[in-house]
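Notes for the structure review
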Amino acid sequence: AIRQAAILNALTTPIALLDARGKIISVNDAWHRFGDANAINSQRSGVGENYLAVCDSTRGDEAPQALRVAKGIRSVLNGEMPNFSLEYPCHSPTEERWFLMLVTPMADGRLSGAVVVHMDLSERKRAETGQREAQNLLHSVIENIPTAIQLKAVHDDFRTVIWNKASEEIFGVSREMAIGRNVYDLWLAADA
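Keep in mind the model is a prediction, meaning the values are calculated, not measured. (Residues numbered from 1 in each chain as written. Predicted model: local features only at pLDDT ≥ 70, side-chain atom pairs only at ≥ 80, totals over all residues. Heavy atoms only, no water.)

1. Quick look at the overall build of the chain
A count of helical and extended segments in the chain gives eight helices and seven strands. Expressed as a percentage of the 192 residues in the chain, the buried residues total 33%. Relative to all contacts within the chain whose residues are 6 or more apart in sequence, the contacts with residues 24 or more apart total 31%. Total accessible area on the chain is roughly 12200 Å²; 56% of this is exposed by carbon and sulfur atoms. (Helix = DSSP H or I, 4+ residues; strand = E, 2+ residues; numbered from the N terminus. Buried < 20%, exposed > 50% of the residue type's maximum accessible area, 1.4 Å probe, protein only. Contact = heavy atoms within 4.5 Å. Areas by Shrake-Rupley, 256 points an atom, 1.4 Å probe, with all protein chains shown as cover.)

2. Here's the deal with the side chain of Arg97
Structurally, the position occupied by Arg97 is in the loop between strand S3 (84-89) and strand S4 (98-107). No salt bridge is formed by the buried Arg97; its nearest oppositely charged neighbour, Glu95, is found at 4.8 Å. A distance of 2.8 Å separates the side chain of Arg97 from the backbone oxygen of Cys90, its partner in a polar contact. (Lys, Arg positive; Asp, Glu negative; His and termini not counted. Salt bridge = Lys/Arg side-chain N within 4 Å of Asp/Glu carboxyl O. Polar contact = N/O pair within 3.5 Å; in protein donor to acceptor, adjacent residues only side chain to side chain.)

3. Notes on the environment of Gln65
Tracing the chain through its elements places Gln65 in helix H4 (residues 63-77). Counting along the chain gives 21 residues from Gln65 to Leu86, while the straight-line C-alpha distance between them is 9.2 Å.

4. As for the sheet that holds S4
Pairing is antiparallel in the open sheet, where five strands are placed in the order S2-S1-S5-S4-S3. Only two strands of the sheet have a single neighbouring strand rather than two, namely strand S2 (24-27) and S3. Put simply, the sheet's adjacent strands are angled 20 degrees from each other on average, direction ignored. (Pairing = 2+ DSSP bridges. Axes fitted to C-alpha atoms, helices over the stretch in contact; angles between N-to-C directions.)

5. Quick word on the packing of aromatic side chains
As enumerated under the stated definition, the model contains four aromatic pairs in all. For the pair Phe34 and Phe99, a centre-to-centre distance of 5.5 Å together with 80 degrees between the ring planes defines the contact as edge-to-face. Here the residue Phe34 occupies a position in helix H2 (residues 29-37), and Phe99 occupies one in strand S4, the gap between them amounting to 65 residues. Given a relative accessible area of 24%, Phe34 falls into the partly exposed group. Residue class for Phe99 comes out buried when judged on its relative accessible area of 4%. A ring pair is formed by Tyr88 and Phe99, whose centres lie 5.9 Å apart and whose planes are at 25 degrees; its orientation type is stacked. Of the two residues, Tyr88 sits in strand S3 while Phe99 sits in strand S4, which places them eleven residues apart along the sequence. Across the pair, exposure class does not vary: Tyr88 and Phe99 are buried alike. Aromatic rings pair up to connect Phe34, Tyr88 and Phe99 into one cluster. (Phe/Tyr/Trp six-rings, centres within 6.5 Å; stacked < 30°, edge-to-face > 60°.)

6. Quick look at the pairing of S4
As paired strands, S3 and S4 are joined by six bridges and run antiparallel to one another. Paired with Pro89 across the bridge in S4 is Trp98. Both S4 and strand S5 (residues 111-120) contribute to a ladder of nine bridges, which runs antiparallel. Directly across from Thr104, in S5, lies its bridge partner Val115.

7. Considerations on helix H5 (residues 122-144)
A rise of 1.5 Å per residue sets the reference length of H5, with its 23 residues, at 33 Å; its end C-alpha atoms lie 33 Å apart and thus fit the reference within 8%. What H5 keeps buried is the set Ser122, Lys125, Ile142 and Glu143. The secondary structure elements touched by the buried residues of H5 are S3, S4, S5, strand S7 (159-163), helix H6 (165-171) and helix H7 (175-178). (Expected span 1.5 Å × (residues − 1).)

The structure is reproduced here in structure tokens:
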């Protein structure tokens, strides 16, 4: 038990261990810290509470997701699924945050419970959002610039992946005709 606690506390991701009925039997220090930082901490950080009952009793906008979580945990605890995962938003008043919940069985010869892990995906999600915004901006610029712009995939036989509106007008080849075709085929089509 001491070794198990030391291992769990060395991890920076919030982790809870559930018994076969869904009761929280142990949590790591990261679970405590998350609870403290988000004003959801009881003295025992949920130890002794039934995780499934908490999910089942959730009301409001979070209820459908909480019921999905409870169903997933039950499926793992019943041996119906080898694991369960769910990516979900958990925004605070000061920042947007996303987490990935992973539930895996805890077995010592027989199924004796589950390990619940909540991994913070916020940095990755913010990077993905930034990347999408940059791609949308670049696409808008390429599409609206009055110069013909094309992008060819040199690693794929020079197939066209971008063909802007100006290219359609200048070369008389539609985007539908250009995308996915070899650049040399396009010139032949334009001359025909």
